[in-house]
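# Working through the structure, step by step
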Amino acid sequence: MVTLTPHPEPITGEQVKLRAVLNALPLALLLVDRHCVVRYANDRAATVFGYAQGEIEGRPLVALLPDATGAIWSCSHRTDPVAARCMDRDEHGLRRDGQAFPVELLFNAVELDCGWQGVLAVADLSAQRHAEQELAVERESMAHMSRVTLIGEISGSLAHELNQPLAAILSNAQAGLRILRRDPGAIGEIREILQDIVENDQRAGEVISRLRGLLRRETRTLGALMVNDLVHDALRVIRNDLINRSVEYRLDLSVPFSRVQGDGVQLQQVLLNLVINACDAMVDSPRRVLTVRTDGSVPGTIRIEVRDTGPGIAAERMDTIFAPFHSSKPNGMGMGLAICRTLLRAHGGEINARNLPEGGACFYIDLPLME
């Protein structure tokens, strides 16, 4: 007995055109039923997921998009219409060889003759994420180069910071030896001298630690940071440079316990850049006063201002001061403020500038406060 197999319905010209259009789309397109089984996949979907043409149909969606299956199954059993929506960018797809890759999804539901169908547009973000990683590495490299340049500019101040505790250690050690030669039983005096040596050694160690932190080259290390500590640390590094430049500095830290999430080295680099720029701006000013203040008047935000008493920012430069390769310094690279803006945006913050009515310029940083 011969069993006749029914012929599939012929494909119409309109269906051929529709398939050609769907296959030409730059996005992977999947059609799934209520049971989250793939009923149609265009050519781009086969390429993205690593299958041959026609191999995806009939496979469970969980084999392709494990993160999205639960949400789509839930939508397939709702009675109210489902609006198109973007799913979480952190979702991932699985290629045929099991390799995971980042995706962005757009989902909608439609009612066809065959019943409920879910339509998924899938964008492969692998190339974009790779480009973002390369950009992050380049940004870190530029920031590191800027820090090295910064260290060169304040090397005199750092040398003085180190010389002070080292000279004190030597002086105390010599005094201790003299006391021992004169009166070996003077334990009280020796104890005080040893305590001074320990404190100066710790001070020198802190200077070296800050220097190593500024010079190290690594990815961002985020943590909870006290804003006032950031300001004090930056000024401690450059304090002697301020003295040598005859710059008086004032602190107005009116928000005492504000905390931000960030990388302490990078934020300290930003503050040091702004302080050095302020000192450079006041080099020809008869009155050189640097003011660093904090402001918490905007809810959820901490503002750090660096003010100077220099000539201010020329009107024609106001729009380009944060652009790369624009510098008012004869030997400047024009990258300092551009890198500051990049670092702050990576922290969810911003930097801007304005001229002060009483003269001078004000650069201000806005950072989101921690809850």
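Whatever comes next refers back to the structure up there.
The sections below set out a description of the structure shown in this document. (Residues numbered from 1 in each chain as written. Predicted model: local features only at pLDDT ≥ 70, side-chain atom pairs only at ≥ 80, totals over all residues. Heavy atoms only, no water.)

### Details of the overall build of the protein chain
A count of helices and strands for the protein chain gives 9 helices and 13 strands. Counting all 371 residues of the protein chain, 39% fall into the buried class. Expressed as a percentage of contacts within the protein chain between residues at least 6 apart in sequence, the contacts between residues at least 24 apart total 62%. Accessible area of the protein chain: about 20800 Å², with a carbon and sulfur share of 55%. (Helix = DSSP H or I, 4+ residues; strand = E, 2+ residues; numbered from the N terminus. Buried < 20%, exposed > 50% of the residue type's maximum accessible area, 1.4 Å probe, protein only. Contact = heavy atoms within 4.5 Å. Areas by Shrake-Rupley, 256 points an atom, 1.4 Å probe, with all protein chains shown as cover.)

### Side note on the pattern of salt bridges
As enumerated under the stated definition, the model contains 11 salt bridges in all. Put simply, Arg 96 and Glu 55 hold a salt bridge, and the shortest N to O gap is 2.5 Å. One end of the pair, Arg 96, is in the loop between strand 4 (92-94) and strand 5 (100-112); the other, Glu 55, is in the loop between helix 2 (43-49) and helix 3 (69-76), with 41 residues separating them in the sequence. A cluster of three or more residues bridged by salt bridges with shared partners is formed by Asp 252, Arg 293, Glu 305, Arg 307 and Arg 354. (Salt bridge = Lys/Arg side-chain N within 4 Å of Asp/Glu carboxyl O.)

### Some details on the nonpolar core
The biggest cluster of nonpolar side chains holds 42 residues, and the ones touching the most others in it are Leu 242, Leu 274, Leu 290, Phe 363 and Ile 365. Residue assignment for this core shows that the elements contributing at least two residues are helix 7 (227-244), helix 8 (264-281), strand 10 (289-295), strand 11 (301-307), helix 9 (336-346), strand 12 (350-355) and strand 13 (361-368). Sort the elements by how many residues they give to this core and helix 8 lands first, with 9 residues. Ignoring anything within four residues of it in the chain, the contact list for Ile 365 reads Val 270, Leu 271, Leu 274, Ile 302, Arg 303, Ile 304, Leu 344, Glu 350 and Ile 351. Counting residues in each nonpolar core, the second largest holds 25 residues, with Ala 41, Leu 61, Phe 107 and Trp 116 among its members. (Core = buried A, V, L, I, M, F, W, Y, C linked by side-chain atoms within 4.5 Å.)

### Concerning the packing of aromatic side chains
Tallied over the entire structure, the rule returns 1 aromatic pair. Judged by centre distance (5.7 Å) and plane angle (65°), the ring pair of Phe 49 and Phe 101 falls under edge-to-face. With a gap of 52 residues between them, Phe 49 in helix 2 and Phe 101 in strand 5 connect regions that are remote in the sequence. The same class applies to Phe 49 as to Phe 101, namely buried. A cation over an aromatic ring shows up here: Arg 95 above the ring of Phe 101, its NZ or CZ 3.9 Å from the ring centre. (Phe/Tyr/Trp six-rings, centres within 6.5 Å; stacked < 30°, edge-to-face > 60°. Lys NZ or Arg CZ within 6 Å of the ring centre and 35° of its normal.)

### Quick look at the sheet that holds strand 8 (residues 248-253)
Read from one edge to the other, the open sheet built from 5 strands follows the order 8-10-11-13-12, with strand pairing classed as mixed. The open sheet is flanked by strand 8 and strand 12, the only strands paired with a single partner. In this sheet, adjacent strand axes meet at a mean angle of 15° when their direction is disregarded. Pairing between strand 11 and strand 13: 7 bridges, direction antiparallel. Opposite Val 306, over in strand 13, you have Phe 363 as the bridge partner. Contacting strand 8, strand 10 and strand 11, helix 7 crosses the sheet at an angle of about 175° to strand 8. Packing of helix 8 onto the sheet brings it into contact with strand 10, strand 11, strand 12 and strand 13, and relative to strand 13 it is tilted by some 170°. (Pairing = 2+ DSSP bridges. Axes fitted to C-alpha atoms, helices over the stretch in contact; angles between N-to-C directions.)

### Description of the pairing of strand 1 (residues 28-32)
For strand 1, a buried count of 5 out of 5 residues is recorded, marking the element as mostly surrounded by other parts of the structure. Burial along strand 1 is two-sided: the residues Ala 28, Leu 30 and Val 32 and Leu 29 and Leu 31 are all buried. Note: strand 1 against strand 2 (residues 38-41), 3 bridges, orientation antiparallel. Counterpart to Val 32 in the pairing with strand 2 is Val 38.

### Focus: the packing of helix 8 against helix 9
Relative orientation of the contacting elements helix 8 and helix 9 amounts to 150°, with a least axis distance of 10 Å. Relative to helix 9, helix 8 is oriented so that their crossing is left-handed. Here helix 8 contributes Gln 266, Leu 267, Gln 269, Val 270, Asn 273, Leu 274 and Asn 277 to the contact with helix 9, which in turn contributes Gly 336, Leu 337, Ile 339, Cys 340, Leu 343 and Leu 344. Partitioned by chemical class, the residues of the contact of helix 8 with helix 9 number 8 nonpolar, 5 polar and no charged. (Left-handed = near helix turned anticlockwise from the far one by under 90°. Nonpolar A, V, L, I, M, F, W, Y, C, P; charged D, E, K, R; others polar.)

### Details of the side chain of Asn 42
Note on placement: Asn 42 falls in the loop between strand 2 and helix 2. One polar contact links the side chain of Asn 42 to the main-chain amide nitrogen of Leu 29, over a distance of 3.0 Å. Every residue in contact with Asn 42, bar those within four places of it in the chain, is listed here: Leu 22, Asn 23, Leu 25, Leu 27, Ala 28 and Leu 29. (Polar contact = N/O pair within 3.5 Å; in protein donor to acceptor, adjacent residues only side chain to side chain.)

### Digging into the environment of Ser 246
With respect to the secondary-structure elements, Ser 246 resides in the loop between helix 7 and strand 8. When the C-alpha positions of Ser 246 and Cys 279 are compared, they lie 9.4 Å apart, and in sequence the two are 33 residues distant.

### Re the packing of helix 7 against helix 8
At a minimum axis separation of 9 Å, helix 7 and helix 8 run at an interaxial angle of 40°. Relative to helix 8, helix 7 is oriented oblique. Crossing handedness for the pair helix 7 and helix 8: right-handed. In contact with Leu 230, Val 231, Asp 233, Ala 234, Leu 235, Val 237, Ile 238 and Leu 242 of helix 7, helix 8 contributes Gly 264, Leu 267, Gln 268, Leu 271, Leu 272, Val 275, Ile 276 and Cys 279. (Parallel < 35°, antiparallel > 145°, perpendicular 65-115°, else oblique.)

### Details of a negative patch on the surface
Judged by side-chain charge, Asp 183, Glu 189, Glu 192, Asp 196 and Glu 199 come together as a negatively charged surface patch. The exposure class of Asp 196 is partly exposed, given its relative accessible area of 32%. (Patch = residues over 30% accessible without salt bridge, like charges linked within 9 Å, V, L, I, M, F, W, Y side chains within 5 Å. Lys, Arg positive; Asp, Glu negative; His and termini not counted. Charge placed at Lys NZ, Arg CZ, Asp CG, Glu CD.)

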